[in-house]
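Fold and contact review
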Amino acid sequence: GGDRRRRRKMAAAAAAALGAWFWNERFWLPHNVTWADLAGEPPGPAGSGLQYPRAGHVLSALPLALGIFAVRLLFERFIAKPCAIRLGIQDSGPHRAQPNAILEKVFTSITKSPDGRRLEGLAKQLDWDVRKIQRWFRQRRNQDKPTTLTKFCESMWRFTFYLSVFFYGIRFLWTAPWFWDTRQCWYNYPFQPLTTRLYYYYILELAFYWSLMFSQFTDIKRKDFLIMFVHHLATIGLITFSYMNNMVRVGTLVLCLHDASDFLLEAAKLANYAKYQRLCDAFFMLFGVVFIVTRLGIYPFWILNTTLFESWELIGPYPSWWLFNGLLVTLQVLHVIWSYLIVRTAYKALVRGKV
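In this text the structure is predicted, and so the values were computed from the model without any measurement.

Conventions used here
- Residues numbered from 1 in each chain as written.
- Predicted model: local features only at pLDDT ≥ 70, side-chain atom pairs only at ≥ 80, totals over all residues.
- Heavy atoms only, no water.
- UniProt positions renumbered as here; feature names shortened; annotations may be inferred.
- Helix = DSSP H or I, 4+ residues; strand = E, 2+ residues; numbered from the N terminus.
- Axes fitted to C-alpha atoms, helices over the stretch in contact; angles between N-to-C directions.
- Left-handed = near helix turned anticlockwise from the far one by under 90°.
- Contact = heavy atoms within 4.5 Å.
- Nonpolar A, V, L, I, M, F, W, Y, C, P; charged D, E, K, R; others polar.
- Domains from an automatic or database assignment.
- Phe/Tyr/Trp six-rings, centres within 6.5 Å; stacked < 30°, edge-to-face > 60°.
- Lys NZ or Arg CZ within 6 Å of the ring centre and 35° of its normal.
- Core = buried A, V, L, I, M, F, W, Y, C linked by side-chain atoms within 4.5 Å.
- Buried < 20%, exposed > 50% of the residue type's maximum accessible area, 1.4 Å probe, protein only.

**Description of the UniProt feature "transmembrane region" (unreviewed entry) in the protein**
According to UniProt, the positions carrying the feature "transmembrane region" (unreviewed entry) are residues 159-179, 199-218, 283-302 and 322-343. The straight-line gap between the two end C-alpha atoms of residues 283-302 is 26 Å; of that span, 100% is helix and 0% is strand. Measuring from the first to the last C-alpha atom of residues 322-343 gives 32 Å, for a span that is 100% helix and 0% strand.

And the structure:
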């Protein structure tokens, strides 16, 4: 009993030490500000319900993410699928490979694209023609690919969410003073009260990215699975981090700016799946223009300008300020890489005559 109590005390002491290290005020907050200062109610009318962001608020995004995932499943089944069928998109997949235990074992445990030597060995073993085995592997690879209907439903859900959250963000920010004067992001920082609408906007965006993390394991498996997984993780980290140290004003600008082009890409995919090629090309070109203008123009000259220079002037740097700006600058590097890929795709499309 004594040993167990001692171990429990040691574990509690280690947890307390880790918590104290993680929540170190000198890392998270500007000089002379403590967590206790942010625990009280902001100045204003009594009972107004205003408060500062709390670390515990971000946990409410997890059940909301599960709710969004459930809504998505219902949306895809009862709204997106009937729309796809009405547009003539069939639920039929590619031709299935005939069952064969030996080839299936090679496909699942050794290779999905056997080389010439292995093909010859399998041909002797099964007494099949090499071309017949090549055709079997090609059919088996295609068999795992999702149907156009599945891809249409997934894109229609994303299009609907991105469009809705973008217009919600624009409507909310239109009346926000920091939308018109970014210096307002830093006046009286970090003592900036959290309004109900700002809270809902932030937690909804965080919950959506959590839902994308969950659904990545059930969604269509794409070549960029790992890159997108890291991207979702980084986005969740950035949203959570900026919420906990109350950089939510500038955070809303970053979120809205990124939502401005996403729905256009999903619209281009929908047009592509429905075989409206000219509409697909038009949406993709519009997406490319909006992406480059927002990510290479507005983002560095509006967002990075305020987080790096205006905030330096008004509140000065401190450890979490450096981390926050480091993450935002890293995001800008990704914007440059993605813009290059979009321009390259657009150039190839112009040469070929279609996206």
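**Structural notes on the packing of helix 4 (residues 61-86) against helix 10 (residues 196-215)**
Between helix 4 and helix 10, the least distance of the axes is 8 Å, while the angle of their chain directions is 65°. The element helix 4 and its partner helix 10 pack so that their crossing is right-handed. Each of Ala61, Leu62, Leu64, Ala65, Leu66, Ile68, Phe69 and Arg72 in helix 4 lies in contact with helix 10, whose residues at this interface are Ile203, Leu204, Leu206, Ala207, Phe208, Trp210, Ser211, Phe214 and Ser215. For the contact of helix 4 with helix 10, the residue count by class is 14 nonpolar, 2 polar and 1 charged.

**Looking at the domain arrangement of the protein**
By the assigned domains, the protein splits into domain 1 (55-88 + 146-352) and domain 2 (101-144). Here the C-alpha centre of domain 2 lies 42 Å away from the C-alpha centre of domain 1.

**Quick notes on the side chain of Ser320**
Mapped onto the fold, Ser320 is located in helix 14 (residues 319-352). Beyond its immediate chain neighbours, meaning those up to four positions away, Ser320 contacts Phe27, Trp28, Phe241 and Asn245.

**Thoughts on the packing of aromatic side chains**
This model, assessed by the stated rule, comprises 35 aromatic pairs. Here the aromatic cluster, defined as three or more aromatic residues joined through ring pairs, consists of Phe22, Trp23, Phe27, Trp28, Trp35, Phe241 and Phe324. One cation-aromatic arrangement involves Lys112 over Phe107; the distance from NZ or CZ to the ring centre is 5.1 Å. Looking at Lys132, its charged tip hangs above the ring of Trp128, at a distance of 4.3 Å from the centre.

**As for the nonpolar core**
In terms of nonpolar packing, the biggest core is built from 75 residues, with Leu173, Trp178, Met247 and Tyr299 touching the most fellow members. Listed by contribution, the elements that provide at least two residues to this core are helix 4, helix 8 (148-174), helix 9 (177-180), helix 10, helix 11 (225-244), helix 12 (248-273), helix 13 (277-314) and helix 14. Top contributing element to this core by residue count: helix 12, with 13 residues. If sequence neighbours within four positions are ignored, Met247 has contacts with Trp186, Tyr189, Tyr202, Ser242, Tyr318, Trp321 and Phe324.

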